[in-house]
Amino acid sequence: MEEPKPDAGPAEPTPDAGPEEPPPPPRHDVVEAGEERPGGDTSLTPSSASTAFKRPAPNLTLERRAEFFTGEAVFEADWLPAPNTTADRDGLGPLFHSISCLACHVRNGRGRPPEEGEIANTLLVRLSVPGADAHGGPLPEPTYGDQLQPRGITSVPAEGQARMHWTEVAGTFADGTPYSLAAPELLLTDLAYGPLSPDTRTSARVAQPLIGLGLLAAVPEATWLEWADPDDTNGDGISGRPNRVWSRREGRAVLGRFGWKANQPDLEHQNAAALLGDLGLTSALFPDETCTETQTACLAAPKGGTPEVSERQTRALDFYTHLLAVPTRERVDAPEVLAGKAVFHRVGCASCHRPSLTTGTLEGYPELSGQRIWPYTDGLLHDLGDALADGREDFLATGREWRTPPLWSLGRTRLVSGHTRLLHDGRARSPLEAILWHGGEAEAAREAVRNLTQSERDALRAFLDSL
Ligand code: HEC
Ligand code: HEC
Ligand SMILES: [Ca+2]
Ligand SMILES: [Ca+2]
Ligand SMILES: [Ca+2]
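Note that the structure is a prediction, hence the values are computed from the model and not measured. (Residues numbered from 1 in each chain as written. Chains lettered and ligands numbered in written order. Predicted model: local features only at pLDDT ≥ 70, side-chain atom pairs only at ≥ 80, totals over all residues. Heavy atoms only, no water.)

1. Considerations on the overall build of the chain
Part 1 of the reasoning: Broken down by element type, the chain carries 11 helices and 15 strands.
Part 2 of the reasoning: Expected size for 467 residues packed as a compact globule is a radius of gyration near 23 Å; at 22 Å, the chain falls within 12% of this value.
Part 3 of the reasoning: Judged by the C-alpha coordinates and their principal axes, the chain covers about 70 × 50 × 40 Å.
Part 4 of the reasoning: Looking at the chain residue by residue over its 467 residues, the buried ones come to 54%.
Part 5 of the reasoning: Contacts in the chain between residues far apart in sequence, at least 24 positions, make up 67% of those at least 6 positions apart.
Part 6 of the reasoning: Summing over all exposed atoms, the chain offers an accessible surface of approximately 19300 Å²; the carbon and sulfur share of this is 54%.
Part 7 of the reasoning: Counting 44 positive and 67 negative side-chain charges, the chain places the centres of these two groups 4 Å from one another. (Helix = DSSP H or I, 4+ residues; strand = E, 2+ residues; numbered from the N terminus. Rg over C-alpha atoms; globule rule 2.2 N^0.38 Å. Buried < 20%, exposed > 50% of the residue type's maximum accessible area, 1.4 Å probe, protein only. Contact = heavy atoms within 4.5 Å. Areas by Shrake-Rupley, 256 points an atom, 1.4 Å probe, with all protein chains shown as cover. Lys, Arg positive; Asp, Glu negative; His and termini not counted. Charge placed at Lys NZ, Arg CZ, Asp CG, Glu CD.)

Given below as structure tokens:
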């Protein structure tokens, strides 16, 4: 079967044109047009490494830049419990995780898991029990709801704390070089509302980097779906399935695009869900606090308005999260980087981490429309095996499936976030460790990496660092 490929411009190599006419093998050790600007016209060369994820897209007009900074103020605001004299900043909690969005998405980068003995800070825990709600979503745990909130306002006990116990697991590359992976075990302690339901499913997830998200929102659904191969009809061991999740706004199931399991349909839902679950702030889309029936102090606590976050504020926040510039790449033409790019393609990373595509049009966002972008994702869910499984279903995503995360700006993780932790729960300490955790559909790619020589591994690392 012919492998579908969106956006087949002349510069795009043809991966598979069917048995009749075998095309010349595509070359990946050369610079491709535009790849140094992964966000198309929203790309920006950052002037400072630590603010690289905080810049507005350079193709915004001056007026729209002002709206961006209004949204930034909402994103960075420290919220306060109600009632408070600063009425446009109150309503925090009663149960919450952080007092601002920025507290988890530090410098708009990624969170990290707790070290041994620490409590989780920029990692959160989703909870559910088997079954599905009326819209096919996870069924909240009866007492603690769908997320563990580790903090409460004065009169309301925090739900509990998330910690991790780490075990080193030794392995070796085929050339005999040893490596070690840190395997996490999630521990929920200090549970203030009694035991969790015995069949509770948990999913520990770190905060994701926030660049380029509007571009991903602007990718036509058909582009992602062309890459889906749920029954692996082309027999390459890689399936790829879309998630379908509930849109409150549209009142129907739509393609899931955001979150580690593609569990949110769009940035508007993602942001409003974060306001509620992470900060305890109600908005038009999520008007009810997270308190469950048994959390009486939570139910009795004062509110900061109906809803607590105004439409003006959510609109600005949504604007902001759509239009964060994607940093430009460096060293795209360095020989080692190009050698690593060839390895990336040869071992099959690009089957899921699809290098490039073109956005469609997103209403209200001309800056994001028609852009050739290089996110290195197919936007689809993949079974990555037992070791990474959380065993928790999230709409159509099984307990073994995760959405292929974009890899753009991967190499900036340390300078932006101050650490190099990767994967949904931050267990990997480097890109190479992230690869070594891959299993399931990515097992062949992982084994191919285990069989690389030291210099090929170095080249692959140089390529990933150059993104
Ligand atoms: C407790 C830490 C925490 C706080 C606070 C937080 N987030 Fe997040 N954020 C996360 C995690 C974890 C995810 C991944 C969620 C998932 O997979 O279900 C995420 C995902 C996102 C995404 C989607 C990214 C992607 O690539 O799909 C956006 C957008 C986002 N958050 C915006 C916000 C906004 C806006 C706020 C403030 C209202 C906020 N976040 C507050 C932890 C946090
Ligand atoms: C079958 C699809 C698939 C293949 C093949 C694949 N990946 Fe992944 N990759 C994923 C998924 C899904 C995740 C997220 C897993 C998780 O968080 O538990 C991921 C995560 C990653 C991450 C961490 C990203 C982050 O934001 O934390 C890196 C780095 C990565 N992959 C690189 C590679 C490289 C390099 C290769 C080739 C050797 C490769 N992947 C092959 C699907 C794939
Ligand atoms: Ca509230
Ligand atoms: Ca809760
Ligand atoms: Ca396939």
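2. Remarks on the coordination of the calcium ion (ligand 4)
Part 1 of the reasoning: At this site the calcium ion (ligand 4) is bound by Tyr144 (O), Gln147 (O), Gln149 (OE1), Glu159 (OE) and Glu159 (OE), with donor distances of 2.3 to 2.6 Å.
Part 2 of the reasoning: A residue is classified by how much of its surface remains accessible, and Glu159, at 1% relative accessible area, is buried. (Donors = N, O, S within 2.8 Å, 3.2 Å for Na, K, Ca; no water.)

3. Thoughts on the site of ligand 1
Part 1 of the reasoning: Close contacts around ligand 1 come from 28 residues, with Cys101, Cys104, His105, Arg205 and Trp260 the closest.
Part 2 of the reasoning: Taking Trp260, its main chain carries an N or O atom lying 2.8 Å from an oxygen atom of ligand 1.
Part 3 of the reasoning: For ligand 1, an oxygen atom lies 3.0 Å from a polar atom in the side chain of Asn263.
Part 4 of the reasoning: Elements with a minimum of two residues in the shell around ligand 1: β3 (123–132), β8 (201–206) and α4 (267–279). (Near = heavy atom within 4 Å. Polar contact = N/O pair within 3.5 Å; in protein donor to acceptor, adjacent residues only side chain to side chain.)

4. Structural notes on the UniProt feature "domain: Cytochrome c" (unreviewed entry) in the chain
Part 1 of the reasoning: The sites that carry the UniProt feature "domain: Cytochrome c" (unreviewed entry) are, in the present numbering, residues 335–467.
Part 2 of the reasoning: Taken end to end, residues 335–467 comprises 34% helix and 8% strand; its first and last C-alpha atoms sit 15 Å apart. (UniProt positions renumbered as here; feature names shortened; annotations may be inferred.)

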